[in-house]
Amino acid sequence: MSRSTALVILAAGQGTRMNSDLPKVLHKLAGAPVLAHAMRAGAQIEPDRTIVVTGHEAEQVEQAVREFDEAAICVRQTEQLGTGHAVAQALPALEGFSGRVIILYGDTPLVRPETLQALADNPAEIAITGFHAADPRRYGRLITSDRGLERIVEFKDAKDEERAISLCNGGMMAVSYPLLAELLAEMKNDNAAGEYYLTDLVSLARARGAQAAVVMCKEDEVLGVDTRSQLARAEALFQARARAEALENGVTLTAPETVFFAFDTVIGRDAIVGPNVVFGSGVTVESGAEIRAFCHLEGCHISRGATVGPFARLRPGAELAEDVHVGNFVEIKNAILDEGVKVGHLSYLGDAHVGEHTNIGAGTITCNYDGVMKHRTEIGARAFIGSDTMLVAPVRIGAGAFTATGSVITQDVPAEALAIARARQENKPGFATRLVEKLKKAKAARAARRELN
Ligand code: UD1
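Quick look at the structure, then. Every value quoted in this text rests on a predicted model; they were computed, and no experiment measured them. (Residues numbered from 1 in each chain as written. Predicted model: local features only at pLDDT ≥ 70, side-chain atom pairs only at ≥ 80, totals over all residues. Heavy atoms only, no water.)

**Some points on the overall build of the protein**
Then step 1. When you go through the protein residue by residue, the secondary structure sums to 10 helices and 35 strands.
Then step 2. Computed over the C-alpha atoms, the radius of gyration of the protein is 31 Å, more than 25% above the 22 Å expected from 2.2 N^0.38 for a compact globule of 453 residues.
Then step 3. With the C-alpha coordinates aligned to their principal axes, the bounding extent of the protein is approximately 105 × 65 × 40 Å.
Then step 4. Burial statistics for the protein: of 453 residues in total, 48% are counted as buried.
Then step 5. A separation threshold of at least 6 residues defines the contact pool for the protein, and within that pool the share at least 24 residues apart is 43%. (Helix = DSSP H or I, 4+ residues; strand = E, 2+ residues; numbered from the N terminus. Rg over C-alpha atoms; globule rule 2.2 N^0.38 Å. Buried < 20%, exposed > 50% of the residue type's maximum accessible area, 1.4 Å probe, protein only. Contact = heavy atoms within 4.5 Å.)

As structure tokens, this is what we get:
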């Protein structure tokens, strides 16, 4: 039977090395704040409560927390006195709880839910994530004996032989509650940094005869984002994971390394994604749809059998029903395209609804903005919008109606009517030749005048 779990996420740190006005946990990774990635991983173990410890730029961080999870509790750490002190700020919010507290860092976005679940399920009273570091640098070192984990020594306090240990503290841990509260009360700050170390909980637990265990994780899971280059590295790792997952799930990626996913991209089996495609947040692609090269998609839905691109841009609110075709240099925003609609070339459809099997000719534009307000365009089913039609919204085109090429449509068009809204053509016989002769004479006269001057 699974135990009750509470999540405590530490996000009070300043992140000076980001060299930014924005708190480090709010920098974006795959379209979402770094903190939201940690919260998302945490949410997958379905905690009974989630507590986020904020401090630096607390209001901004708390707003981001609420956007991700309205039910999350934010507590403030006004002075950053160490990771142990940060967790202690969460104790009032844990009152009445009994079970497992999972602690993670808001600046560590790539932690896997499986690792957090393993921490939650581990039978030892305290479980710590460990990993073998290729370059252990300043990580805390895990000191083990034949009875398991004994203590954690921070790099600053470690002796040379302890620094030689490559088994490092990943940061995420699980501690049974109320034991956590008792151990935090015993914590001291008599160390090289003068901080309250969360890591001291291990030796404090062992001194009481409690068990401590190590849950192994991968090194990429513990990557903390303290600098812009670590942010770029985290982005690269996220993308590598997302590409591998998409391939695993039966999505064809012609050139995987050139496709960029968002934190929430959903792509169905047998979808095909060409080279250089960028997914912004909020995109769902159904099975069997095809996204051709060089497309940029954001906040849109693409149904089964639809084809998009090459070189198309789908903006928030673009909804493509089954078998819709959106071709090159087409932009769609806040528009619903019903089944079988074709918009092949060089068009803009914004704030619109297009009925099924309607054909939108090349160069069609919904003129949706009058400089102050946005207006809607409604196009019925099986209509034919001639090339280079300007649809000046608000306007309705009835089902089965046609608009003539080059029309500027400012009034509604009834169903099945043909609307022509352009200047009538007039042919003037021989006029072109006479015009050229006249222009040549004018040019010669001008040259003669220049010579005289
Ligand atoms: C910590 C561990 C170290 C481990 C490493 C893994 C401690 C004492 N050390 O070191 O053993 O190898 O993580 O990355 O825990 N924070 C607060 N308030 C504070 C201090 C920190 O909210 O007062 C937050 C930070 O914003 C950050 C996280 O806690 O998100 C980790 O703090 P940081 O100081 O970066 O710890 P490390 O030095 O990485």
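**Thoughts on the site of the ligand**
Then step 1. Taken together, 19 residues surround the ligand, and among them Gln77, Gly82, Thr83, Glu154 and Asn169 come closest.
Then step 2. In this structure, an oxygen atom belonging to the ligand sits 3.3 Å away from a side-chain N or O atom of tyrosine 105.
Then step 3. Expressed as a share of its isolated accessible area of 750 Å², the protein-covered part of the ligand is 82%.
Then step 4. Residue assignment for the shell around the ligand shows that the elements contributing at least two residues are β1 (5-11), α3 (83-88) and β10 (167-177).
Then step 5. The residue makeup of the shell around the ligand, split by class, is eight nonpolar, nine polar and two charged. (Near = heavy atom within 4 Å. Polar contact = N/O pair within 3.5 Å; in protein donor to acceptor, adjacent residues only side chain to side chain. Areas by Shrake-Rupley, 256 points an atom, 1.4 Å probe, with all protein chains shown as cover. Nonpolar A, V, L, I, M, F, W, Y, C, P; charged D, E, K, R; others polar.)

**Some details on the pairing of β1**
Then step 1. With respect to burial, β1 is a largely interior element, seven of its seven residues being buried.
Then step 2. Side-chain alternation along β1 places Thr5, Leu7, Ile9 and Ala11 on one buried face and Ala6, Val8 and Leu10 on a second face that is also buried.
Then step 3. Note that β1 and strand β4 (residues 49-54) share six bridges and pair parallel. Bridge pairing in β4 places leucine 7 opposite threonine 50. (Pairing = 2+ DSSP bridges.)

**Quick notes on the sheet that holds strand β33 (residues 402-403)**
Then step 1. Overall, parallel pairing links the 10 strands, which are arranged β12-β14-β17-β20-β23-β25-β27-β30-β33-β35 in an open sheet. Strand pairing shows two members of the sheet lacking a second neighbour, β12 (252-253) and β35 (418-419), which therefore form its edges.
Then step 2. The sheet contact formed by strand β30 (residues 384-385) and β33 spans two bridges and is parallel. The partner of isoleucine 385 across the bridge, within β33, is threonine 403.

**Observations regarding the pattern of salt bridges**
Then step 1. In the structure shown here, the tally under the stated rule is 18 salt bridges.
Then step 2. Salt-bridge contacts for glutamate 162 lead to arginine 151; the nearest nitrogen and oxygen are separated by 2.8 Å. Placement of glutamate 162 in helix α6 (residues 160-163) and of arginine 151 in strand β9 (residues 148-153) is noted, with a sequence separation of 11 residues between them.
Then step 3. Looking at glutamate 162, the relative accessible area reads 8%, which means it is buried.
Then step 4. One salt bridge connects arginine 208 with glutamate 186, and the closest N-O pair in it is separated by 2.8 Å. Here arginine 208, found in the loop between α8 (201-207) and β11 (212-216), pairs with glutamate 186, found in helix α7 (residues 179-186); they are 22 residues apart in sequence, far enough to count as distant.
Then step 5. Salt bridges sharing common partners tie together Arg17, Lys24, Asp107 and Asp226. (Salt bridge = Lys/Arg side-chain N within 4 Å of Asp/Glu carboxyl O.)

**Some remarks on the side chain of serine 303**
Then step 1. Assignment of secondary structure puts serine 303 in the loop between β19 (301-302) and β20 (307-308).
Then step 2. Among the polar contacts listed, one links the side chain of serine 303 to the side chain of histidine 301, at a separation of 3.5 Å.
Then step 3. A distance of 2.7 Å separates the side chain of serine 303 from the backbone oxygen of leucine 320, its partner in a polar contact.
Then step 4. Residue contacts for serine 303: discarding those within four places in its chain leaves Glu286, Ala289, Leu320, Ala321 and Glu322.

**Points about a nonpolar patch on the surface**
Then step 1. Among the surface-exposed residues, Phe294, Phe311, Phe329 and Leu346 lie close enough to one another that they form a single nonpolar patch of about 410 Å² accessible area.
Then step 2. Topologically, leucine 346 is positioned in the loop between β25 (342-345) and β26 (348-354).
Then step 3. Here leucine 346 falls in the exposed class, since its relative accessible area comes to 52%. (Patch = residues over 30% accessible without salt bridge, like charges linked within 9 Å, V, L, I, M, F, W, Y side chains within 5 Å.)

**Regarding helix α10 (residues 431-452)**
Then step 1. Taking 1.5 Å per residue, 22 residues should reach 32 Å; α10 reaches 32 Å between its end C-alpha atoms and fits that length.
Then step 2. Counting buried residues along α10, only zero of its 22 residues qualify, which leaves the element largely exposed. (Expected span 1.5 Å × (residues − 1).)

**Quick notes on α7**
Then step 1. Among all positions of α7, only Leu179, Leu180, Leu183 and Leu184 are buried. Down the axis of α7, the buried side of the element spans an arc of 130°, and every buried residue falls inside it.
Then step 2. Tucked inside the fold, the buried residues of α7 contact α3, α4 (91-94), β6 (99-105), β10 and α8. (Arc of directions from axis to C-beta.)

**Quick notes on the state of the cysteines**
Then step 1. Scanning the model with the defined rule gives zero disulfides in all.
Then step 2. Looking at cysteine 300, it has no disulfide partner, and the nearest cysteine sulfur is the one in cysteine 295, 9.7 Å off.
Then step 3. Judged by its relative accessible area of 3%, cysteine 300 falls in the buried class. (Disulfide = S-S within 2.5 Å.)

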